[in-house]
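Per-entry structural report
Spelled out from the first residue to the last, the chains are:
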There are 2 protein chains.
Amino acid sequence: MASQSIVLEESSSSGLSPKYAGLAVNAVRLMSTLDAACGWGSTPDGGMNRLSLNNDDKKVRDWFIEETAKYGCHHKVDEMGNIFAIRPGQNNSLPPIGLGSHLDTQPTGGKYDGILGVISGIEVLKVLHQHQITSYAPVAVVNWTNEEGARFPPAMLCSGVWGGAFTVPWAHARAELEGHTTLKEELQRIGYLGTTPCSYAANPLLAHFEVHIEQGPILDKAEQAAAVVKGVQSIRWYNVQVTGREAHTGTTPMESRSDALLGAAKMIVATNQIVTEGELFERGGRATIAVINSMPQSINTIAGNVRLGLDIRAPADSDVELIESLCKKRFQEVCDEHGLKMEFDNFWVSPALNFDPTMVQCVRDSCSSISCNGKELVSGAGHDSVYTSRKVPTAMIFVRCRDGVSHNPTEYSRPEDCAAGAQVLLGAYLRYDELVRKSTEAKI
Amino acid sequence: MASQSIVLEESSSSGLSPKYAGLAVNAVRLMSTLDAACGWGSTPDGGMNRLSLNNDDKKVRDWFIEETAKYGCHHKVDEMGNIFAIRPGQNNSLPPIGLGSHLDTQPTGGKYDGILGVISGIEVLKVLHQHQITSYAPVAVVNWTNEEGARFPPAMLCSGVWGGAFTVPWAHARAELEGHTTLKEELQRIGYLGTTPCSYAANPLLAHFEVHIEQGPILDKAEQAAAVVKGVQSIRWYNVQVTGREAHTGTTPMESRSDALLGAAKMIVATNQIVTEGELFERGGRATIAVINSMPQSINTIAGNVRLGLDIRAPADSDVELIESLCKKRFQEVCDEHGLKMEFDNFWVSPALNFDPTMVQCVRDSCSSISCNGKELVSGAGHDSVYTSRKVPTAMIFVRCRDGVSHNPTEYSRPEDCAAGAQVLLGAYLRYDELVRKSTEAKI
């Protein structure tokens, strides 16, 4: 964790400073900003198609700079096109506290994924501006480039560069998924190849808050508008190769078979059982097989080879390891029963991420202040905050979305839920800014 | 069943006529004929690659005519290139009794599939010739064109034309699977576009016997050299479409999913259970899912659509219907449990085929005479005899093959097992010829 991390001396971030009592976001204004931010790249079905660095992304970037300038911001654009809209504070020797997310979308995306986080940050600026508040540290609303990775894989590319996961030259050279241009060429073309170095060291933030739709159904089922996100799940991905023996479906008796697809099916069922029964279910373990390739795909030839893609997740690394070992054991039993061979290859590991406890406590207290404290979540998906958390104290706020649907034109969050997310952001940010003031003044 | 069918008056085809006592095939000569018949199109790995109507097929056809001519045969080549090597009998007003199979192979085939049936017929000719026997009815060894269908789909094409399943113009127009030429063009090119009409009516047989390797492991496990084949299984093929809901594997709790691949896996397991437990297993029911297509094939997106290919077989049509109904019921239960939808489409039906009881009894008695009567089989795969049985009394003899492996260079039947098959053919054919004599003379 970075050196700026503030350690709470008490169990709470304490209440909001009395001078900020009653400060509230404006839900109507917030939704009006959302409409404005969706003014380029919207689709007739109510969704969005704004791939990173296309002409619509240029237009919304221009709008973002123009809009945030109205509330006292100056701007930095870095080498990856990340835009920092910085509103000065009382102590401008400090890096700004970041309120960030992304304005790019999936090709068949919705109006909320990413966009809600940026406009929630803008709403915080508006509240500060409206009440003529100068925060202690500067505040920066950040638009991270190419979070979706839909045009230039991988996802979270430019927050990743800032957080040290990728180098600038490597990221600049990323090629369009369906096309021939590179990310750098597109940054140049639309005028967003900035001069600020893209790195935490050269262009630091003090902390990073991010509002995002949940992209899952937990808050919708719990009828809770928003929630603190304590961290990101532990994830591991595997290839499982199952080898049996091809044989004729008509001439091979049931008892003489080594059916790789039957074995694979039993593995899929076993995987599901492991995480839907007992303690692993209670602790949020998830395991899914969603990729299957069977050979030779002939209706009258028993499958001889099946490859499965296995995705295991849990809040705790130890539970991912436990699920992995249970899968291995059960899969081997299936192989023994059916005369199959197995290769079990773990090709990707993403350890569990716990957000900064002080940041999380600020969000938790802010959630409590508007009675959004029933559920506390662990993110199942990646966000820009995964990479900012490598360098600076980070926490997230999830907003309820209908049926958990995302990456889809029908993605929807109610205005009151969007407002709740922005309100939690405002309160959490102001609490943290106050902690920064106390911590800094104590050092002086 | 065709009008030539002979109905046994007793429960047995009766023993072999005393005049034929002690007649035996010559195992060494039989294997030498097999080697000769594999002289064109053999592969370095010990297998065969002799696609129908290629240059190697032309050469083996030329050999077949030359070889059978040595034992008193004249020849008819029909419009589909089927070759009938006819050895006259005492009563040449009768159509010949056919002993047929095929000389074409799969591209990675073995030396036995099809070829063993033709050379077993030639061995019968040699025994008759050696002992100067003139049978009652004429006998015809038949080489059916394009049984494999590997070059010109579908399989069993030219016995199918003879049996009335396909028309000559349609069959002539069949295009090469990988190429541009038609079957008729290739018949012309290699000189085997005959003038005899390809139809049962114009060029009848009195009956059809076929020796074939089992292509399954039952006889090998039972250590039985050969067996009577009583008929061909009932077969039905289905497409099953399972629809769930795509969702993120990381953000979607286990209890909120409609996972189409999990449902499909449970269907695969249920299908196997239905035919491996209880009476359906005892009655030889088989059900296999060997085709699976899952969408969208992304490791972190729960499958929304899965298509399965289901193959159900049993000796009795009623058991195939029972398995179908049990599958439907169990699949629907899976759908109900997981919030899935299902379409269940039966796109192909091939009813059970029972070979002619008199022909089967002749084979059975011949099997008994050499103690090959432990197992009686039902064919799980199609053969030329499926189509001949539409028009004339037909029965088959299966020969043990190692591990049930076929359509593979390692396909293998021991010389003693091949000889047993030819011996059963000889005995069954002579028994049937004797029944024809008795039946014909009784009518006179």
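Residues numbered from 1 in each chain as written. Chains lettered and ligands numbered in written order. Predicted model: local features only at pLDDT ≥ 70, side-chain atom pairs only at ≥ 80, totals over all residues. Heavy atoms only, no water.

**Considerations on the sheet that holds strand E8 (residues 286-295) of chain B**
Residue and element names in this part refer to chain B. Here is the rule: Following DSSP output, two strands are said to pair if at least two bridges run between them. Secondary structure counts use DSSP, requiring at least four H or I residues in a row for a helix and at least two E residues in a row for a strand, with both numbered from the N terminus. What counts as an axis is a line fitted to C-alpha atoms, over the stretch in contact for a helix, and the angles between N-to-C directions run from 0 to 180 degrees. Note on contacts: a residue pair is in contact if any heavy atoms of the two residues lie within 4.5 Å.
An order of E8-E9-E7-E10 is seen for the four strands of this open sheet, with the pairing classed as antiparallel. With partners counted over all chains shown, the strands left at the sheet margins are E8 and strand E10 (341-350), one partner each. With strand direction ignored, the average angle separating the axes of adjacent strands in the sheet is 15 degrees. Pairing of strand E7 (residues 234-243) with strand E9 (residues 305-314), which is carried by ten bridges, proceeds in the antiparallel orientation. Bridging from a neighbouring strand, Gln241 pairs with Arg307 of E9. Sitting on the sheet, helix H8 (residues 260-276) touches E7, E8, E9 and E10, and the angle it makes with E8 is about 175 degrees.

**Comments concerning the relation of the copies chain A and chain B**
Relating one copy of the chain to the other requires a rotation about an axis plus a shift along that axis. The following threshold applies: Copy-to-copy superposition: least squares on the C-alpha atoms, limited to residues that have pLDDT of at least 70 in both copies.
Here chain A sits on chain B after a turn of 180 degrees about the axis and a move of 0.1 Å along it, with an RMSD of 0.1 Å. The superposition operator between the copies reduces to a two-fold rotation axis. For chain A, the smallest separation between a C-alpha atom and the rotation axis is recorded for Ala265 of chain A, amounting to 2.1 Å. When the interface residues of chain A are mapped onto chain B, 100% of them again lie at the interface, so the same face is used by both copies.

**Considerations on the interface of chain A and chain B**
Spelled out, the test is: Two parts lose some accessible area (1.4 Å probe) when they are put together, and adding that loss for both gives the buried area. Whenever Lys or Arg places a side-chain nitrogen within 4 Å of a carboxyl oxygen from Asp or Glu, that contact is recorded as a salt bridge. Classification used: nonpolar for Ala, Val, Leu, Ile, Met, Phe, Trp, Tyr, Cys and Pro, charged for Asp, Glu, Lys and Arg, polar for all others including Gly.
With 54 residues of chain A at the interface, the matching set in chain B holds 54 residues. Both faces considered, chain A and chain B share a buried interface measuring about 4100 Å² in area, 66% of it formed by carbon and sulfur atoms. When the buried surface of chain A facing chain B is broken down by residue, Thr251, Met254 and Ile299 of chain A rank first, second and third, together holding 17% of it. Summed over the shared surface of chain A and chain B, the number is zero salt bridges. Of the residues that constitute the side of chain A that touches chain B, the class distribution is 24 nonpolar, 21 polar and nine charged.

**Some points on the domain arrangement of chain A**
All names here are of chain A. Quick reminder of the rule: Domain delimitation follows an automatic or database domain assignment. Think of a polar contact as two N or O atoms within 3.5 Å of one another; within protein, one of them needs to be a possible hydrogen donor and the other a possible acceptor, and neighboring residues in sequence only count if both atoms come from side chains.
With domains assigned, chain A is organised as domain 1 (18-232 + 352-443) and domain 2 (234-350). On the domain 2 side, the residues contacting the five residues of domain 1 number seven residues. Note on domain 1 versus domain 2: buried area summed over both sides is about 430 Å², and carbon and sulfur give 47% of it. Among the residues domain 1 hides against domain 2, the three largest losses belong to Ala352, Val378 and Gly380. Together they make up 78% of the total. Our count for the contact surface shared by domain 1 and domain 2 stands at zero salt bridges. Here domain 1 is connected to domain 2 by two residue pairs in polar contact (both at pLDDT 80 or more). Taken together, the residues of the side of domain 1 that touches domain 2 break down into four nonpolar, one polar and no charged.

**Side note on the layout of surface pockets**
Selection criterion: Using only the protein atoms, space was sampled on a 1 Å grid; points where a 1.4 Å probe fits but cannot get out form cavities, open sets with protein on both sides within 12 Å along at least five of seven lines form pockets, and lining residues are those with an atom within 4 Å of a point. Grid points are joined across faces, edges and corners, and a volume is the space filled by probe spheres set on the points.
In this model, the second largest pocket occupies a volume close to 1600 Å³. Taken together, 50 residues line the second largest pocket, and the ones lying closest to its centre are His248 and Asn300 of chain A together with Ala381, Gly382 and His407 of chain B. Contributions of two or more residues to the lining of the second largest pocket are made by helix H7 (218-222), E7, E10 and helix H12 (384-388) of chain B. By residue number, the principal contributor to the lining of the second largest pocket is E10 of chain B, which donates three residues. Of the residues belonging to the lining of the second largest pocket, the class tally is 19 nonpolar, 21 polar and ten charged.

**Comments concerning helix H10 (residues 317-338) of chain A**
Residue and element names in this part refer to chain A. Definition in use: In this analysis, the expected span of each helix is defined as 1.5 Å times one less than the number of residues it contains. Buried means the residue's accessible area, taken with a 1.4 Å probe over protein chains only, is under 20% of the maximum for its type, while exposed means over 50%, and partly exposed covers the values in between. Directions are taken from the helix axis to each C-beta atom, and the arc is the one they span.
Across its 22 residues, H10 extends 32 Å between first and last C-alpha, which sits within 8% of the 32 Å expected from 1.5 Å per residue. Among all positions of H10, only Asp319, Val320, Ile323, Glu324, Cys327, Phe331, Val334, Cys335 and His338 are buried. One face of H10 carries all of its buried residues, which in axial projection span an arc of 145 degrees. Relative to its buried face, H10 has exposed residues pointing more than 90 degrees away, namely Lys329, Asp336 and Glu337. Remark: Gly339 follows H10 within two positions and exhibits a positive phi of approximately 65 degrees.

**Description of the side chain of Asp113 of chain A**
Residues and elements named next belong to chain A. Relative to the helices and strands, Asp113 is located in the loop between strand E3 (97-101) and helix H3 (115-130). At a separation of 2.9 Å, a polar atom in the side chain of Asp113 contacts the side chain of His212. Non-local contacts of Asp113, meaning those with residues more than four positions away in its chain, are made with His102, Asp104, Glu148, His212, Ile213, Gln215, Ser406, His407 and Glu411.

**So, the packing of aromatic side chains**
Cut-off, in case you're wondering: Each aromatic pair joins two rings of Phe, Tyr and Trp (for Trp, the six-membered one) with centres within 6.5 Å, and gets the label stacked for planes under 30 degrees apart, edge-to-face for over 60, and tilted for any other angle. In this scheme, Lys NZ or Arg CZ marks a charge over a ring once it lies within 6 Å of the ring centre and within 35 degrees of the ring normal.
All told, the structure shown has 22 aromatic pairs over all chains when counted by the stated rule. Taking 5.6 Å as the distance between ring centres and 70 degrees as the angle between the ring planes, the aromatic pair formed by Phe166 of chain A and Tyr387 of chain A counts as edge-to-face. On the criterion of sequence distance, the pair formed by Phe166 of chain A in the loop between helix H4 (157-162) and helix H5 (168-172) and Tyr387 of chain A in helix H12 (residues 384-388) is long-range, its members being 221 residues apart. Centroid distance Phe209 of chain B to Tyr432 of chain B: 6.1 Å. Interplanar angle 80 degrees. Geometry classified as edge-to-face. Here Phe209 of chain B is found in strand E5 (residues 207-213), whereas its partner Tyr432 of chain B is found in helix H13 (residues 415-443), with 223 residues between them in sequence. With respect to burial, Phe209 of chain B and Tyr432 of chain B carry one shared label: buried. In this structure, Arg61 of chain A is placed above the aromatic ring of Tyr192 of chain A, and the distance from its NZ or CZ to the ring centre is 5.1 Å.

**A few points about the side chain of Thr145 of chain B**
Mapping Thr145 of chain B onto the fold places it in the loop between strand E4 (139-143) and helix H4 (157-162). Within the structure, Thr145 of chain B has its side chain in polar contact with the side chain of Arg61 of chain B (distance 2.8 Å).

**Brief notes about the sheet that holds strand E8 (residues 286-295) of chain A**
Residue and element names in this part refer to chain A. In spatial order, the strands read E8-E9-E7-E10; together these four strands make up an open sheet with antiparallel pairing. In this open sheet, the two edge strands, each paired with only one partner strand, are E8 and strand E10 (341-350). Within the sheet, the average angular offset between the axes of one strand and its neighbour, ignoring direction, is 15 degrees. Against the sheet, helix H8 (residues 260-276) engages strand E7 (234-243), E8, strand E9 (305-314) and E10, with an angle of about 175 degrees to E8.

**As for the UniProt feature "domain: Peptidase M20 dimerisation" (unreviewed entry) in chain A**
Let me state the cut-off plainly: UniProt positions are given in the numbering used here, feature names are shortened, and annotations may be inferred rather than shown by experiment.
Mapped onto this structure's residue numbering, the UniProt feature "domain: Peptidase M20 dimerisation" (unreviewed entry) falls at residues 233-336 of chain A. With 40% helix and 29% strand, residues 233-336 of chain A has its two end C-alpha atoms placed 33 Å apart.

**Considerations on helix H2 (residues 55-69) of chain A**
Every α-helical turn comprises 3.6 residues, leaving residues that sit three or four positions apart pointing alike. Residues and elements named next belong to chain A. Over its 15 residues, H2 runs 21 Å from end to end, which matches the ideal 21 Å to within 8%, given 1.5 Å per residue. Of all the residues in H2, the buried ones are Asp57, Val60, Arg61, Trp63, Phe64, Glu67 and Thr68. Buried positions in H2, seen along its axis, are confined to an arc of 165 degrees and lie on one side of it. Here the buried face of H2 lies against helix H1 (27-37), strand E1 (74-77), strand E2 (83-87), H3 and strand E4 (139-143). A side-chain oxygen of the first residue of H2 lies 3.0 Å from the backbone nitrogen of Asp56; this N-cap is Asn54.

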